[in-house]
Amino acid sequence: ISNETFHDRIASFGPRLSANGKIGYMIEPLQDTTGCSLVEAPITDWIALVSRGGCSFVTKVRYMQMSGAIAVVIGDPNNPGWITMYSPGKKKKKKKKKKKNAPYYCDTSDILIPSVYMPKREYIKLLNLSKLLNTPMVAILQPDDNVTWPLIDVLIIVIVSPCLVLVLIYASWKLRQNILFKRELAPVSVVSKLSVKIFNLNDQKDQEEPESCTICLEDYESGNELRLLPCNHYYHAVCVDLWLTTKKKCCPICKTDVTNSEVTPLLLEAGAF
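So, a few notes on the structure that sits alongside this text. Predicted model only: the values in this text are computed from it and were never measured.

Attention now goes to the state of the cysteines. Tallied over the entire structure, the rule returns one disulfide. Two residues share a disulfide in this structure: C36 and C55, whose sulfurs sit 2.1 Å from each other. The sign of the S-S torsion, about -95°, decides the handedness of the disulfide formed by C36 and C55: left-handed. A residue pair is termed long-range when its members are at least 10 positions apart, and C36 in the loop between strand 2 (22–27) and strand 3 (46–51) and C55 in the loop between strand 3 and helix 1 (57–66) qualify at 19 residues. By relative accessible area, which is 19% here, C36 ends up buried. Among the residues examined, C55 registers a relative accessible area of 24% and is labelled partly exposed.

Spelled out as C-alpha coordinates, the structure:
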(Lines give C-alpha, C1' and ligand atoms only; values in the text may rest on other atoms or scores of the structure.)
Protein backbone atom coordinates (compact mmCIF):
# COMPACT_ATOMS: atom_id res chain seq x y z
CA ILE A 1 0.00 0.00 0.00
CA SER A 2 1.39 3.38 -0.99
CA ASN A 3 0.23 6.83 0.05
CA GLU A 4 2.01 9.49 -1.95
CA THR A 5 1.26 13.08 -2.89
CA PHE A 6 1.83 14.35 -6.42
CA HIS A 7 1.75 17.96 -7.52
CA ASP A 8 -0.27 19.05 -10.53
CA ARG A 9 -1.66 22.18 -12.14
CA ILE A 10 -5.33 22.70 -12.91
CA ALA A 11 -6.31 23.53 -16.49
CA SER A 12 -7.60 26.97 -17.41
CA PHE A 13 -10.72 25.41 -18.95
CA GLY A 14 -13.38 23.18 -17.47
CA PRO A 15 -14.68 23.19 -13.89
CA ARG A 16 -12.47 23.71 -10.83
CA LEU A 17 -11.95 20.97 -8.32
CA SER A 18 -14.43 21.21 -5.47
CA ALA A 19 -13.37 21.48 -1.86
CA ASN A 20 -13.95 17.75 -1.43
CA GLY A 21 -11.91 16.95 -4.54
CA LYS A 22 -12.44 14.03 -6.90
CA ILE A 23 -11.96 10.40 -5.88
CA GLY A 24 -11.75 7.61 -8.42
CA TYR A 25 -9.58 4.91 -9.95
CA MET A 26 -6.50 6.18 -11.80
CA ILE A 27 -6.20 4.19 -15.03
CA GLU A 28 -4.25 4.64 -18.26
CA PRO A 29 -6.52 3.83 -21.24
CA LEU A 30 -4.60 1.12 -23.10
CA GLN A 31 -6.69 1.55 -26.26
CA ASP A 32 -5.26 5.07 -26.67
CA THR A 33 -2.70 6.23 -24.11
CA THR A 34 -2.80 9.77 -25.54
CA GLY A 35 -6.55 10.12 -25.01
CA CYS A 36 -7.11 11.42 -28.53
CA SER A 37 -9.99 9.05 -29.30
CA LEU A 38 -12.96 7.38 -27.65
CA VAL A 39 -12.09 4.42 -25.45
CA GLU A 40 -14.12 1.86 -23.59
CA ALA A 41 -14.54 2.79 -19.94
CA PRO A 42 -12.47 0.25 -17.94
CA ILE A 43 -14.48 0.86 -14.78
CA THR A 44 -16.94 3.33 -13.31
CA ASP A 45 -15.65 6.44 -11.55
CA TRP A 46 -12.32 6.24 -13.33
CA ILE A 47 -9.76 9.04 -13.73
CA ALA A 48 -8.02 8.97 -17.10
CA LEU A 49 -4.19 9.13 -17.01
CA VAL A 50 -3.08 10.11 -20.51
CA SER A 51 0.14 11.40 -22.05
CA ARG A 52 0.63 14.70 -23.83
CA GLY A 53 0.77 14.75 -27.63
CA GLY A 54 -1.34 13.66 -30.56
CA CYS A 55 -4.04 16.29 -30.09
CA SER A 56 -4.86 19.36 -28.04
CA PHE A 57 -5.51 19.31 -24.30
CA VAL A 58 -9.16 20.20 -24.85
CA THR A 59 -9.63 17.34 -27.31
CA LYS A 60 -8.18 14.83 -24.85
CA VAL A 61 -10.50 15.98 -22.08
CA ARG A 62 -13.53 15.89 -24.40
CA TYR A 63 -12.81 12.32 -25.53
CA MET A 64 -12.16 11.10 -21.99
CA GLN A 65 -15.35 12.78 -20.80
CA MET A 66 -17.30 11.00 -23.53
CA SER A 67 -15.56 7.78 -22.46
CA GLY A 68 -16.99 8.09 -18.95
CA ALA A 69 -13.99 9.51 -17.05
CA ILE A 70 -14.75 11.75 -14.07
CA ALA A 71 -11.44 13.63 -14.38
CA VAL A 72 -8.33 13.68 -16.58
CA VAL A 73 -4.65 13.77 -15.65
CA ILE A 74 -2.45 14.75 -18.60
CA GLY A 75 1.26 14.08 -18.17
CA ASP A 76 4.19 15.12 -20.31
CA PRO A 77 6.72 12.29 -20.79
CA ASN A 78 9.35 14.68 -22.19
CA ASN A 79 8.98 18.14 -20.68
CA PRO A 80 10.15 18.54 -17.05
CA GLY A 81 8.70 22.04 -16.78
CA TRP A 82 5.31 23.26 -15.64
CA ILE A 83 2.74 24.64 -18.09
CA THR A 84 -0.88 25.74 -17.84
CA MET A 85 -3.28 23.96 -20.15
CA TYR A 86 -5.29 26.44 -22.23
CA SER A 87 -8.01 25.89 -24.80
CA PRO A 88 -7.08 26.82 -28.40
CA GLY A 89 -8.32 30.17 -29.61
CA LYS A 90 -10.56 30.72 -32.60
CA LYS A 91 -8.89 30.22 -35.92
CA LYS A 92 -8.90 33.35 -38.05
CA LYS A 93 -10.81 32.70 -41.23
CA LYS A 94 -9.94 34.40 -44.47
CA LYS A 95 -12.72 36.33 -46.13
CA LYS A 96 -12.33 34.53 -49.43
CA LYS A 97 -12.30 31.01 -47.98
CA LYS A 98 -15.05 30.47 -45.47
CA LYS A 99 -15.32 27.08 -43.84
CA LYS A 100 -18.45 25.96 -42.11
CA ASN A 101 -16.62 23.74 -39.64
CA ALA A 102 -13.54 25.42 -38.22
CA PRO A 103 -11.23 22.91 -36.51
CA TYR A 104 -10.28 25.31 -33.69
CA TYR A 105 -12.66 26.95 -31.24
CA CYS A 106 -12.39 28.29 -27.71
CA ASP A 107 -15.84 27.41 -26.38
CA THR A 108 -15.28 24.84 -23.63
CA SER A 109 -18.67 25.09 -21.95
CA ASP A 110 -19.32 21.45 -22.88
CA ILE A 111 -16.44 20.24 -20.68
CA LEU A 112 -17.91 19.14 -17.37
CA ILE A 113 -14.97 17.32 -15.76
CA PRO A 114 -11.78 18.82 -14.27
CA SER A 115 -8.35 18.20 -15.75
CA VAL A 116 -4.83 18.71 -14.43
CA TYR A 117 -1.31 18.76 -15.88
CA MET A 118 1.80 16.95 -14.64
CA PRO A 119 5.40 17.44 -15.81
CA LYS A 120 7.72 14.57 -16.70
CA ARG A 121 9.00 13.63 -13.24
CA GLU A 122 5.59 13.56 -11.58
CA TYR A 123 3.88 11.86 -14.53
CA ILE A 124 6.43 9.03 -14.98
CA LYS A 125 6.42 8.29 -11.26
CA LEU A 126 2.63 8.18 -11.12
CA LEU A 127 2.41 6.06 -14.29
CA ASN A 128 4.91 3.49 -12.97
CA LEU A 129 3.10 3.36 -9.64
CA SER A 130 -0.23 2.68 -11.34
CA LYS A 131 1.29 -0.24 -13.31
CA LEU A 132 2.73 -1.89 -10.20
CA LEU A 133 -0.71 -2.66 -8.83
CA ASN A 134 -2.83 -5.58 -9.99
CA THR A 135 -5.98 -3.64 -9.16
CA PRO A 136 -6.99 -0.11 -10.20
CA MET A 137 -5.22 2.52 -8.10
CA VAL A 138 -7.44 4.76 -5.99
CA ALA A 139 -6.56 8.43 -6.42
CA ILE A 140 -7.89 11.64 -4.94
CA LEU A 141 -7.60 14.91 -6.84
CA GLN A 142 -7.63 17.74 -4.33
CA PRO A 143 -7.62 21.49 -4.95
CA ASP A 144 -4.39 23.27 -4.10
CA ASP A 145 -5.05 26.15 -1.72
CA ASN A 146 -1.64 27.62 -2.43
CA VAL A 147 -0.96 30.11 -5.18
CA THR A 148 0.69 28.57 -8.22
CA TRP A 149 4.45 29.05 -8.44
CA PRO A 150 4.46 31.22 -11.59
CA LEU A 151 2.14 33.69 -9.88
CA ILE A 152 4.35 33.66 -6.79
CA ASP A 153 7.36 34.37 -9.01
CA VAL A 154 5.54 37.34 -10.53
CA LEU A 155 4.59 38.63 -7.08
CA ILE A 156 8.20 38.31 -5.91
CA ILE A 157 9.53 40.16 -8.94
CA VAL A 158 6.87 42.87 -9.08
CA ILE A 159 6.13 43.47 -5.39
CA VAL A 160 8.51 41.78 -2.97
CA SER A 161 11.79 42.57 -4.76
CA PRO A 162 11.19 46.35 -5.01
CA CYS A 163 10.07 46.36 -1.36
CA LEU A 164 13.27 44.61 -0.30
CA VAL A 165 15.33 47.10 -2.28
CA LEU A 166 13.49 50.00 -0.64
CA VAL A 167 14.01 48.46 2.80
CA LEU A 168 17.73 48.05 2.14
CA ILE A 169 17.99 51.62 0.86
CA TYR A 170 16.10 52.95 3.89
CA ALA A 171 18.22 50.88 6.30
CA SER A 172 21.41 52.13 4.65
CA TRP A 173 20.15 55.72 4.83
CA LYS A 174 19.20 55.34 8.52
CA LEU A 175 22.59 53.82 9.31
CA ARG A 176 24.37 56.68 7.56
CA GLN A 177 22.21 59.24 9.37
CA ASN A 178 22.96 57.55 12.68
CA ILE A 179 26.71 57.64 11.99
CA LEU A 180 26.57 61.32 10.98
CA PHE A 181 24.48 62.14 14.05
CA LYS A 182 26.96 60.45 16.39
CA ARG A 183 29.76 62.46 14.79
CA GLU A 184 27.94 65.63 15.84
CA LEU A 185 27.95 64.59 19.51
CA ALA A 186 30.68 65.10 22.07
CA PRO A 187 32.03 62.01 23.85
CA VAL A 188 31.23 61.82 27.55
CA SER A 189 34.96 61.46 28.27
CA VAL A 190 35.63 64.86 26.65
CA VAL A 191 32.72 66.62 28.34
CA SER A 192 33.65 65.32 31.78
CA LYS A 193 37.12 66.91 31.46
CA LEU A 194 35.75 70.43 30.91
CA SER A 195 36.15 72.86 33.79
CA VAL A 196 33.44 73.20 36.43
CA LYS A 197 32.82 76.01 38.92
CA ILE A 198 30.36 76.65 41.71
CA PHE A 199 28.29 79.77 41.06
CA ASN A 200 28.24 82.48 43.73
CA LEU A 201 25.72 85.25 43.19
CA ASN A 202 27.69 87.74 45.33
CA ASP A 203 30.76 87.35 43.09
CA GLN A 204 28.76 88.27 39.96
CA LYS A 205 27.31 91.64 41.05
CA ASP A 206 30.24 93.63 39.73
CA GLN A 207 30.66 91.53 36.56
CA GLU A 208 28.74 91.89 33.33
CA GLU A 209 28.16 88.20 32.79
CA PRO A 210 24.89 86.39 32.10
CA GLU A 211 23.06 85.33 35.24
CA SER A 212 20.83 82.77 33.54
CA CYS A 213 21.43 79.53 31.62
CA THR A 214 20.85 79.96 27.90
CA ILE A 215 19.72 76.33 27.56
CA CYS A 216 17.06 76.07 30.30
CA LEU A 217 16.53 79.87 30.68
CA GLU A 218 16.64 79.52 34.49
CA ASP A 219 18.58 82.05 36.59
CA TYR A 220 21.76 80.92 38.22
CA GLU A 221 21.60 80.52 41.97
CA SER A 222 24.37 80.32 44.48
CA GLY A 223 25.69 76.80 44.76
CA ASN A 224 24.78 75.85 41.15
CA GLU A 225 27.41 73.78 39.36
CA LEU A 226 28.35 75.44 36.07
CA ARG A 227 30.30 73.96 33.17
CA LEU A 228 32.79 76.25 31.42
CA LEU A 229 33.28 75.58 27.73
CA PRO A 230 36.49 76.30 25.76
CA CYS A 231 34.82 79.44 24.34
CA ASN A 232 34.40 80.86 27.89
CA HIS A 233 30.61 80.45 27.86
CA TYR A 234 29.19 78.60 30.83
CA TYR A 235 25.88 76.91 31.57
CA HIS A 236 24.32 74.62 34.14
CA ALA A 237 26.52 71.53 34.10
CA VAL A 238 23.50 69.23 33.82
CA CYS A 239 22.02 71.25 30.95
CA VAL A 240 25.16 71.63 28.85
CA ASP A 241 26.34 68.05 29.45
CA LEU A 242 23.03 66.77 28.09
CA TRP A 243 23.23 69.21 25.18
CA LEU A 244 26.77 68.22 24.17
CA THR A 245 26.20 64.47 24.41
CA THR A 246 22.71 64.24 22.84
CA LYS A 247 22.23 67.34 20.65
CA LYS A 248 25.40 69.03 19.36
CA LYS A 249 29.05 69.09 20.35
CA CYS A 250 29.09 72.85 19.87
CA CYS A 251 28.46 75.74 22.22
CA PRO A 252 24.77 76.75 22.00
CA ILE A 253 25.76 80.43 21.64
CA CYS A 254 28.90 80.66 19.47
CA LYS A 255 28.92 77.14 17.94
CA THR A 256 32.49 76.43 19.04
CA ASP A 257 33.37 72.73 18.85
CA VAL A 258 34.24 71.55 22.36
CA THR A 259 36.12 68.54 20.97
CA ASN A 260 38.62 70.71 19.10
CA SER A 261 41.81 69.83 20.97
CA GLU A 262 43.85 72.56 19.26
CA VAL A 263 41.63 75.38 20.52
CA THR A 264 40.59 74.02 23.89
CA PRO A 265 43.83 74.64 25.88
CA LEU A 266 44.12 78.30 24.82
CA LEU A 267 40.50 79.09 25.51
CA LEU A 268 40.59 77.38 28.86
CA GLU A 269 43.61 79.41 29.82
CA ALA A 270 41.95 82.64 28.71
CA GLY A 271 38.76 81.82 30.56
CA ALA A 272 40.24 80.96 33.91
CA PHE A 273 37.99 81.89 36.81
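Strand order in this open sheet of six strands is 1-5-4-3-2-6, and the pairing throughout is mixed. The open sheet has two edge strands with one neighbour each: strand 1 (9–10) and strand 6 (137–141). Where strand 4 (residues 71–75) meets strand 5 (residues 115–118), four bridges bridge the pair, whose relative direction is parallel. Each residue of the ladder has a partner; that of G75, found in strand 5, is M118. Set on the sheet, helix 2 (residues 120–132) makes contact with strand 2, strand 3, strand 4, strand 5 and strand 6; between it and strand 3 the angle comes to about 125°.

For the rest of this paragraph, the subject is the nonpolar core. In summary, soluble globular proteins display a tendency toward joint burial of nonpolar side chains. With 18 residues, the main nonpolar core has F13, M64 and V72 as its most contacted residues. Listed by contribution, the elements that provide at least two residues to this core are strand 3, helix 1 and strand 4. Top contributing element to this core by residue count: helix 1, with four residues. Excluding residues within four positions of it along the chain, F13 makes contact with F57, V58, V61, M85, Y86, S87, T108, I111 and S115.

Turning our eyes to something else, we now look at the environment of V116. Take V116: it is sitting in strand 5. You can call V116 buried: its relative accessible area is 1%. Sequence separation between V116 and D8 is 108 residues, and the spatial gap between their C-alpha atoms is 6.0 Å. Non-local contacts of V116, meaning those with residues more than four positions away in its chain, are made with D8, R9, I10, A11, V72, V73, I74 and M85.

As a further point, take a nonpolar patch on the surface. Together, V154, L155, I156, I157, V158, I159, V160 and L164 make up an exposed nonpolar region whose accessible area comes to about 700 Å². With respect to the element layout, I156 can be found in helix 3 (residues 149–183).

Turning to the pattern of salt bridges, a few remarks are in order. Throughout the structure, instances matching the rule amount to eight salt bridges. For E4, the salt bridge goes to K125, with nearest N and O atoms at 3.2 Å. Placement of the pair is E4 in the segment before strand 1 and K125 in helix 2, with a sequence separation of 121 residues. For E4, a relative accessible area of 37% gives the class partly exposed. Judged by its relative accessible area of 43%, K125 falls in the partly exposed class. The shortest N-O distance in the salt bridge between K249 and D257 comes to 3.8 Å. For D257, a relative accessible area of 24% puts it in the partly exposed group.

What follows deals with the pairing of strand 3. With six of six residues buried, strand 3 is to be regarded as a mostly interior element. In strand 3, alternate side chains face the same way, and those of W46, A48 and V50 on one face and I47, L49 and S51 on the other are all buried. Sheet topology note: the strand 3/strand 4 ladder contains five bridges and is parallel. Following the sheet pairing, V50 is matched in strand 4 by I74.

On to the pairing of strand 8 (residues 225–228), then. Inspection of the sheet shows strand 7 (residues 196–198) paired to strand 8 by three bridges, in the antiparallel sense. Of the residues in strand 8, the one forming a bridge with V196 is R227. Bridging between strand 8 and strand 9 (residues 234–236) involves three bridges; their strand directions are antiparallel. Among the inter-strand pairings, L226 is bridged to a residue of strand 9, identified as H236. Taken together, strand 8 and the strand that follows it, strand 9, pair antiparallel across an intervening segment of five residues, in which N232 is found at a positive phi of about 75°.

Cut-off values and rules
Residues numbered from 1 in each chain as written. Predicted model: local features only at pLDDT ≥ 70, side-chain atom pairs only at ≥ 80, totals over all residues. Heavy atoms only, no water. Disulfide = S-S within 2.5 Å. Helix = DSSP H or I, 4+ residues; strand = E, 2+ residues; numbered from the N terminus. Buried < 20%, exposed > 50% of the residue type's maximum accessible area, 1.4 Å probe, protein only. Pairing = 2+ DSSP bridges. Contact = heavy atoms within 4.5 Å. Axes fitted to C-alpha atoms, helices over the stretch in contact; angles between N-to-C directions. Core = buried A, V, L, I, M, F, W, Y, C linked by side-chain atoms within 4.5 Å. Patch = residues over 30% accessible without salt bridge, like charges linked within 9 Å, V, L, I, M, F, W, Y side chains within 5 Å. Areas by Shrake-Rupley, 256 points an atom, 1.4 Å probe, with all protein chains shown as cover. Salt bridge = Lys/Arg side-chain N within 4 Å of Asp/Glu carboxyl O.

The analysis is restricted to geometry; functional conclusions fall outside its scope.
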